[in-house]
Amino acid sequence: MNTISILRQRFSHALAALLDEPADSAAVCELVDMVRRSQDAKFGDYQANCAMPLGKRLGRPPRDVATELVERLDIDDLCEPAEIAGPGFINLRLRDAALVDALAAAVVDERLGVAPAERPRTFVIDYSAPNVAKPMHVGHIRSTVIGDSLSRTLRFLGHRVVTDNHVGDWGTQFGMILFGYKNFRDESAYQASPVTELARLYRLVNQLVGYHAAVARLPEARAEAERLQASAAAAQHAPVSADKKEAKQQKKALQKLRSQADDQAKVVAALEATIAGVEGDPQLERLAAEYPDVGARALAETAKLHAGDAENLRLWHEFVPLCLEDIERIYRRLGVTFDETLGESFYHERLPGVVASLRERGLATDSDGAVCVFLDGFDTPMIVEKQDGAFLYATTDLATIAYRMERWSPDAILYVVDHRQSLHFEQLFATVRLWGFDGVELEHVGFGTVMDTSGKPYKTRSGDTVGLESLLDEAVQRALKIVSENDDAKPGGATLDAATRAQVAETVGIAALKYADLSQNRESDYVFSYDKMLAMNGNTATYMQYAYARVRSIFARGEVDVEALRASDAGVALAEPAERALALEILRFSEALDAVVADYRPNQLTAYLFDLAGRYSTFFEQCPVLKAPDAETRASRLLLCDLTARTIAQGLELLGIRVVEKM
RNA sequence: GCCCCGGUAGCUCAGUUGGAUAGAGCAAUUGACUUCUAAUCAAUAGGUCGCAAGUUCGAAUCUUGCCCGGGGUGCCA
């Protein structure tokens, strides 16, 4: 049961009668949406705020309207008599009997009373999408974890979901690997551990390419930096205008010049660092000198691959499965799966057709030797074919959408991708509309950057991106320490053997990493901190898992047969405020899931679970379960415990997080 | 220059799409462990929601202008 949707239904009837309009009219729907959860318990459990705008509209005092609305409302089976407060708020308090009935239904329901969507939709969800040429890094966590959670939640709600890992297996990076393999391979290292060697080769070639690019750019960058410095200096020494307004503008211009000069100085410093990184290493320096055209040659390898070169294709077929297997190992550890892994290469043959089709419809035109889609409202075109005839990710993305529409006819396609690509998606979606797909919801589910504690993008001390696997290892290692210390400190002595501790640490560590990410509003950048994610208090996975383990321990301690309890005719009685508050929260699960799906925000679910755990803790303090005063109360409280544990476990599962029975 | 996102407690962040007295966690102060797992709970303190106007019964939320930060901005993804 979803309380709020039932209440809204009842309100829509009353409002339709009052307004003399159909219950599904826009006016009624808008007012019905103003039925919501009260944010303060003293205003009841739910509240309807529609009397104020309605009063205005009808030219009547809102309180009168509220009174009339309440009279027309048929909610006596669910709610205590409605109260009208303040300017015209309608405050609703659910009858305990209604709560008790709903709880009884949830006890015997696999789905905890969450009804499947009335109108199931088909979703294609595009997430994770690592580049097979380089190891997964910190930036892939968010896409992977958020996408996985959204998939699980939508599925649970009864939607059809196709998850598709659009891996990068065909681009520039692959050319670097091919070039590296052909020129710099250490055969014995490759035999021993192919993926490690390929990763080394990628890094090496990337470094050499970066070096030559930096050397080429440096003089101009330096000149620009000097020019800006000089302008800033000149502006600083210029006489200050007597006119106040002009003086202010002068100051502003100076500030701007300074910040530009600073930015440019940083660009120069970055280039110098790139160069120093190579020149500081005799071996690298030698290679750099030996291969001055490494960038062009790597690109040529990519081009040859695309053109069907036999040798490059053979190597591609050799490398890709190895790389995918390596990535798969991390997915297994994360508990993430995909229905499809259709990488960029899958669409290769379709790309010329895409461009031809865009031309045919007059959407694409030639410009500066490239083929571009110019769109109203955008300063820059979307390029679908480069001067050299190569295709870009825009082209692949278009082909991918066409394919997905053809194969699954989805109602929605979600892209869980870094928000820095928002412009690309705006252009892509706009093009797709013009191209002829207009019935599908296209959504860029963007997310912010992972930062370190000083507010910069998360990197190692030497400036490299942090590998995802080392991140997992570190989290698990820290979790093991915490688990062990806690176990040692238990009043009755340690209860976990070494193997169990290691297992618990793996679950707890990975959960911490995922939850830290999911509990954040996805739009904002997020600060990565092991200490914070593994904290025992606050909105963390550790706290949630602990809450679960604590509930379960009651059943173990009391030797309660949960199945028998659920099957028995025992019911929940809500005598204590803490019991009622907990019950209400348990029954709100369905609303929380709706909130997740409405904006594709898993943090709505973590927030709910945290609230639930908080209510449970209060209940746990105030209401003895095993030592309850009588058998009925004991059974009632055990049922509340059971529902809490199941809701937490189910909620965490939808986040892709597992629970442990003991910790 | 233009476009997008953000600015909420000392710190890290929520804020149910315009509702009543803006909430958590950390840090600070106080109290509660021969326990149903204290990895906890209860309580206190902490705010001109960047600034200024506007819209209305009502604004952290919508509009406009400005300030500050981040990102993007024609051939990487």
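Residues numbered from 1 in each chain as written. Chains lettered and ligands numbered in written order. Predicted model: local features only at pLDDT ≥ 70, side-chain atom pairs only at ≥ 80, totals over all residues. Heavy atoms only, no water.

A. Region of the structure containing the overall build of chain A. Helix and strand content of chain A: 25 helices and 13 strands. When its C-alpha atoms are laid out on the principal axes, chain A stretches across 85 × 70 × 60 Å. In chain A, buried positions account for 48% of the 663 residues. At a minimum sequence separation of 6, the contacts of chain A that also span at least 24 residues come to 72%. One finds the centroid of the 74 positive side-chain charges in chain A at a distance of 4 Å from the centroid of its 97 negative side-chain charges. (Helix = DSSP H or I, 4+ residues; strand = E, 2+ residues; numbered from the N terminus. Buried < 20%, exposed > 50% of the residue type's maximum accessible area, 1.4 Å probe, protein only. Contact = heavy atoms within 4.5 Å. Lys, Arg positive; Asp, Glu negative; His and termini not counted. Charge placed at Lys NZ, Arg CZ, Asp CG, Glu CD.)

B. How the structure looks around the protein's contact with RNA strand B. What surrounds RNA strand B is a group of 66 residues, the closest being Lys-56, Asn-537, Asp-599, Pro-624 and Lys-627. By atom count, sugar and phosphate contribute 58% of the portion of RNA strand B lying within 4 Å of the protein. At 2.9 Å from a base nitrogen of RNA strand B is found a side-chain nitrogen or oxygen belonging to Gln-47. Take Lys-532: an N or O atom from its side chain is 2.3 Å from a sugar or linking oxygen of RNA strand B. (Near = heavy atom within 4 Å. Polar contact = N/O pair within 3.5 Å; in protein donor to acceptor, adjacent residues only side chain to side chain.)

C. How the structure looks around the packing of aromatic side chains. Scanning the model with the defined rule gives 23 aromatic pairs in all. Here the aromatic rings of Trp-170 and Trp-316 are separated by 5.4 Å at their centres, their planes lie at 90°, and the arrangement is edge-to-face. With Trp-170 in the loop between strand 6 (160–164) and helix 7 (172–184) and Trp-316 in helix 13 (residues 310–334), the pair connects residues that are 146 residues apart, well separated along the chain. Each member of the pair, Trp-170 as well as Trp-316, carries the same accessibility label: buried. Each ring, one from Tyr-347 and one from Tyr-403, has its centre 5.7 Å from the other, and the planes form 80°; the classification is edge-to-face. Here Tyr-347, found in the loop between helix 13 and helix 14 (351–360), pairs with Tyr-403, found in helix 15 (residues 393–408); they are 56 residues apart in sequence, far enough to count as distant. The pair formed by Tyr-347 and Tyr-403 is uniform in burial state, with each residue classed as buried. Three or more aromatic residues joined by ring pairs make a cluster, and in this case those are Phe-174, Tyr-181, Tyr-190 and Phe-319. Between Arg-111 and the ring centre of Phe-156, over which it is positioned, the NZ or CZ distance is 4.5 Å. Stacked on the ring of Tyr-181, the Lys or Arg Arg-185 has its end atom at 4.2 Å from the ring centre. (Phe/Tyr/Trp six-rings, centres within 6.5 Å; stacked < 30°, edge-to-face > 60°. Lys NZ or Arg CZ within 6 Å of the ring centre and 35° of its normal.)

D. Geometry of unusual backbone geometry. Of note, Ser-409 is a non-glycine position whose phi angle comes to about 40°, a positive value. The topology assignment puts Ser-409 in the loop between helix 15 and strand 10 (412–418). Located in the positive-phi region is Tyr-600, a residue other than glycine, with phi close to 55°. Owing to a relative accessible area of 6%, Tyr-600 belongs among the buried residues under this scheme.

E. Representation of the sheet that holds strand 10 in the model. Spatially, 6-5-10-11 is the arrangement adopted by the 4 strands of the open sheet, whose pairing is parallel. This sheet does not close on itself; its edge strands, each paired only once, are strand 6 and strand 11 (441–447). Neighbour-to-neighbour, the strand axes of the sheet open up by a mean angle of 20°, direction not taken into account. Sheet topology note: the strand 10/strand 11 ladder contains 7 bridges and is parallel. (Pairing = 2+ DSSP bridges. Axes fitted to C-alpha atoms, helices over the stretch in contact; angles between N-to-C directions.)

F. Focus on the packing of helix 1 (residues 3–19) against helix 3 (residues 51–58). Following both chains from N to C, one finds helix 1 and helix 3 inclined at 10°, their axes separated by 13 Å at the closest point. Considering their axes alone, helix 1 and helix 3 lie roughly parallel with respect to each other. Touching Leu-15, Leu-18 and Leu-19 of helix 1 are Leu-54, Arg-57 and Leu-58, all from helix 3. The residue inventory of the contact of helix 1 with helix 3, partitioned by class, reads 5 nonpolar, no polar and 1 charged. (Parallel < 35°, antiparallel > 145°, perpendicular 65-115°, else oblique. Nonpolar A, V, L, I, M, F, W, Y, C, P; charged D, E, K, R; others polar.)

G. Expanded view of the environment of Leu-315. Position of Leu-315 among the secondary structure elements: in helix 13. Sequence separation between Leu-315 and Lys-134 is 181 residues; the distance between their C-alpha atoms is 16 Å. Once residues lying within four places of it in the same chain are set aside, the contact partners of Leu-315 are Leu-178, Tyr-181 and Lys-182.

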